[in-house]
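Architecture and fold: a report
Chain by chain, the residues run as shown.
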Amino acid sequence: MPVPRVVIWTLHLALPLAGLWLLLAKPATDVRWHDAVSHFWLVLVVAVVNVIVGIRMNVAAKRRDDARLFLVSLAFLASSGFFALHALATPGVLLHHANVGFDLAQPVGLVIAAGFAVASSVEWKRRLPITALQVVLGALIVAWGAVSLLDLPPLNAPPGPREVSPPVAAVTIALYLYAAVRYYLLHRRRPSVMLISVITAFVLLAEAMFTVTVAHKWQLSWWEWHLLLALAFGFVAYSAYVQYSERGAGLFDAITLNQTAREIRAEYGAALDELVTALEDGNRSAAAKVGARFGMSEGQVAVLDRAAYSLSAEREVSRKLDMLFRHYLSPDVAAALIADPEQAALGGQVVEVTALFADLRGFTTFSEAVSPGDIVVMLNRYHGAAVPCILDNGGTIVQFVGDALLALFNAPARQTDHAARAVRAALEMQRAVESIAAENPAWPRFRVGANTGPALVGNIGSEQLRGFNAMGDAVNVAARLQTLASPGEVIIGEQTMLAAGVRAAIPLGDLQVKGRVQPVRAYRVVVP
């Protein structure tokens, strides 16, 4: 919850305790009001309404087969059920005198409900004896009511000075607060109005237990715990009403176990897909049936139908653009730009990369002897085999230039093992094109060079047209090493060899490469 809401929520919970303190600290304000009829109807109506809410929870729990929701429903049925028994035993209405059944009904209900509250906060992994728990609770409420209203022992005994002992009250309060904290942690993961109402109800029930312990019978401090129970139940009832008004379905879904929540999301996702499909197909009757599962009226479905039509058209345009976009850019670059369009700005940053160059040895001679159509067929065959090897190892293909390609590793996506990925991709490329070359002996063969080092990686070009690229000595050396390779070979720089941990490599010594003063120590990787 945002901080202001937390403050307001805390104040609302603190006000009843502040009022209780005032009544107890100033005995003159704790006036006596002994109105049996008002007590009877006030408590009974509140209790019955919330027995109904507990039953609705119970039905939802059975439908979802969810242990948490079932236990929460028993907590509310226990507290509200014994609240009703407290009302029925009001002296001077159905009974002519006060008995211990009247005094103890609500404290006993609060103690039982606290146990269910704590149990409900556990993430249950196994099924619970639902029927047995219901039968035991129901039998206990019926038996208590019968003994109390028939004025039978032991509940016909005269009431004592206290309705509940302080140690029992302290344990019960601790249980409610523990359950409230557990539900607050659940709310942090799955924010929900219903979860907030359950947390509030548990805190108010804890306050009610405290008030029962210290209040004076039939005085304002005693009436206050009745008010606290009414507020506790009222929060849940009102939240259920709000939830039903907004969604119409899934009234108590937020309270469920994590496994049930995942199943509910999958169920709603499937229903939503079904609704969208029905709208796209123009099947209004099917759409109306699915919409009814979400509590939607025919008018709301019609509005969604119009929105779905517009969305469908926009989605088709977006799909086509995305397809074209991804066909002309490496997937990593496309994904990075879609996630953060600002990455398309001109400029870049220095990053350690492994650059991989590959071209076809003898391509110029081959091109002289065949038609342009044959060249395209050959290049597409080779690149069709080579490109997946690079992409599957996380490489980013920066450009195709004629028969050559440049791929980068560790840009734009960061990879701690980029050198190993590049070497693996180079070897897979050579193996992949081997069968193609064997079928076409006249075709030229790939040669590959790779090198690791710092490079300026980013968008290079103009405001009108730009491309993702890498510049630097490390990239230039990779290009030069590729020209030193023979067809079918992979030559790598020393830093690549060390970073990748290549063992099957033949040292070529310090090579002098074109355009560079310092020699380059290179290795030929054995293609398995």
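Everything below is about the structure printed above this text.
Just so it is clear, the structure is predicted and the values come from calculations on it, not from any experiment.

Conventions used here
- What you see as residue numbers is a count from 1 along each chain, following the sequence as written.
- Per-residue local features of the predicted model are confined to residues with pLDDT of at least 70, and side-chain atom pairs are confined, for both listing and counting, to 80 or more; whole-chain, interface and lining totals are unaffected and use all residues.
- Processing note: side-chain calculations cover all non-hydrogen atoms of the structure and skip hydrogens and water entirely.
- What counts as a helix is a DSSP run of H or I of at least four residues, what counts as a strand is a run of E of at least two, and both are numbered from the N terminus.
- Axes, fitted as lines to C-alpha atoms, cover a helix only where it is in contact. Angles between the N-to-C directions of the axes lie from 0 to 180 degrees.
- We call two directions roughly parallel when the angle between them is under 35 degrees, roughly antiparallel when it is over 145, roughly perpendicular when it lies between 65 and 115, and oblique otherwise.
- Take the far helix as your reference; a near helix turned counterclockwise from it by less than a right angle gives a left-handed crossing, and one turned clockwise gives a right-handed crossing.
- Any residue that is not Ala, Val, Leu, Ile, Met, Phe, Trp, Tyr, Cys, Pro, Asp, Glu, Lys or Arg is counted as polar, Gly included; the first ten are nonpolar and the last four charged.
- To estimate how far a helix should reach, multiply one less than its number of residues by 1.5 Å.
- Per-residue accessibility, obtained with a 1.4 Å probe over protein chains only, is compared with the maximum for each type, and a residue is labelled buried under 20%, exposed over 50%, and partly exposed between these values.
- The term nonpolar core refers to a set of buried residues drawn from Ala, Val, Leu, Ile, Met, Phe, Trp, Tyr and Cys, joined through side-chain atoms within 4.5 Å.
- Counted as salt bridges are all cases of a side-chain nitrogen of Lys or Arg within 4 Å of a carboxyl oxygen of Asp or Glu.

1. As for the environment of V48
By secondary structure assignment, the location of V48 is in helix α2 (residues 36–64). Taking C-alpha positions, V48 is 6.8 Å from A84, a pair spaced 36 residues apart along the chain.

2. Brief notes about the packing of α2 against helix α3 (residues 67–88)
It is the contact of α2 with α3, at a shortest axis distance of 8 Å, that shows an interaxial angle of 160°. In this view, α2 runs roughly antiparallel relative to α3, as classed from their interaxial angle. The interaxial crossing formed by α2 with α3 has left-handed handedness. Partitioning the contact of α2 with α3 into residue classes produces 20 nonpolar, eight polar and no charged.

3. A closer look at helix α7 (residues 193–214)
Residues spaced three or four apart along an α-helix face the same direction, because each turn holds 3.6 residues. Helix length check: α7, at 22 residues, gives a terminal C-alpha distance of 32 Å against a target of 32 Å (1.5 Å per residue), a fit within 8%. Counting buried positions along α7 yields 19 of 22 residues, so the element is predominantly enclosed.

4. Digging into the nonpolar core
Counting 70 residues, the largest nonpolar core has F83, Y176, Y183, F202 and L229 as the members making the most contacts within it. Only α2, α3, α4 (100–120), α5 (130–149), α6 (166–189), α7 and α8 (220–247) provide two or more residues apiece to this core. By size, the runner-up hydrophobic cluster in this structure holds 38 residues, among which are I390, A425, A437 and I492.

5. Section: the pattern of salt bridges
Opposite charge on two side chains allows them to pair when their charged atoms are near. Considering all chains together, one arrives at nine salt bridges under this definition. Across the salt bridge formed by K217 and D103, the nearest N and O atoms sit 2.4 Å from each other. One end of the pair, K217, is in the loop between α7 and α8; the other, D103, is in helix α4, with 114 residues separating them in the sequence. Classification of K217 by relative accessible area gives partly exposed; the value is 25%. R447 is the salt-bridge partner of D359, the closest N and O atoms lying 2.8 Å from each other. Taken as a pair, D359 in strand β1 (residues 347–361) and R447 in strand β4 (residues 445–461) lie far apart in primary sequence, 88 residues in all. Taken as a pair, D359 and R447 share a single burial class, namely buried.

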